[in-house]
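Understanding the architecture of this molecule
As a plain string of letters, each chain reads:
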Amino acid sequence: NPLGSPITNLDEIPFPDRSILDVGSYSGLFCMLTSRGCPHSCNFCSRPVTGKLFKGRSPKNVVDEMEFLLNTYPEHAIKDRRLFSIVDEHFGVDKTRAIGICDEIIKRNLNIRLILPNGIHVASADLEMFKKMKAAGCEVIYFGIESGNDEILRIMRKGSNREMIKKA
C-alpha cells in the first residue's frame, strides 16, 4: 500500500484496545506512548520511522488515558502500585506539554508513579520540569548518554556533549 499521510493530531487516535490482552498476566506497569517523533538526529535511533517532527498528545488526552487505565484495571493498578511507564522517544521535547501533563496529573490527584525508560535528551534537561515531574510522581528518568567521549557523540550525531551531560 502507498504511504498514508502522517496523523498530526494524535488526540484523534483512540486509546489502545487492551481488552484483547490478558492484562493480569503481565507483571509490571501501564505502558503508554504520548508522542511521536524527535527533532534530534542520532544515527542509531528509530526516528526515521516516527519522523523528525515532534507530535504530542495533549496533556488532557494523556491523563484521560491514565485515568481510564486506573478505572478499567483497578486490580492491575493496585498490584503494580499505580506505576506508569511513558515510552516516548523523548518526553521532554516540549517542556510546556510535559509540565502540562504533570499539572493535569496533580490536578486530578491521581497519586501515580511514573518512569521514563526512554528518557529525556540531555539538551532538554530543565530543573523546573524535573520538579514538576517529581510532584506528579515521577521516580525514574533515564538519559540516553551513549558515550562520555565528545568525538563519539559527534559521530553518533547525538546533539550533546560531556558538558551538557554533566549539567543534565
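Here the structure is shown first, and the text comes after it.
Throughout what follows, the structure given in this document is the object of discussion. (Residues numbered from 1 in each chain as written. Predicted model: local features only at pLDDT ≥ 70, side-chain atom pairs only at ≥ 80, totals over all residues. Heavy atoms only, no water.)

1. Details of the nonpolar core
One finds M66, F84, F91, I105, I112, L114 and M133 to be the most contacted residues of the largest nonpolar core, which totals 29 residues. Apart from the residues lying within four places of it in its own chain, the contact partners of M66 are M32, F84, I86, I105, L110, I112 and L114. (Core = buried A, V, L, I, M, F, W, Y, C linked by side-chain atoms within 4.5 Å. Buried < 20%, exposed > 50% of the residue type's maximum accessible area, 1.4 Å probe, protein only. Contact = heavy atoms within 4.5 Å.)

2. Side note on the sheet that holds strand β1 (residues 30-32)
The 4 strands are arranged β1-β4-β5-β6 in an open sheet whose pairing can be described as parallel. The strands lining the two open edges of the sheet, one partner per strand, are β1 and β6 (138-141). Averaged over all pairs of adjacent strands, the angle between strand axes in this sheet comes to 20°, irrespective of strand direction. Of the strand pairs in this sheet, β1 and strand β4 (residues 83-86) are connected by 3 bridges, and their pairing is parallel. (Pairing = 2+ DSSP bridges. Helix = DSSP H or I, 4+ residues; strand = E, 2+ residues; numbered from the N terminus. Axes fitted to C-alpha atoms, helices over the stretch in contact; angles between N-to-C directions.)

3. Concerning the side chain of R57
Checked against the element boundaries, R57 lands in the loop between β3 (55-56) and α2 (59-72). The residues contacting R57, other than those within four sequence positions of it, are L10, D11, F15, M32, L33, T34, V62, E65 and R97.

4. Structural notes on the pairing of β4
Burial along β4 is two-sided: L83 and S85 facing one way and F84 and I86 facing the other are all buried. Inspection of the sheet shows β4 paired to strand β5 (residues 113-116) by 3 bridges, in the parallel sense. Bridge pairing in β5 places F84 opposite L114. For the crossover from β4 across helix α4 (residues 95-107) to β5, the handedness is right-handed. (Right-handed = clockwise from strand over helix to strand, strands pointing away.)

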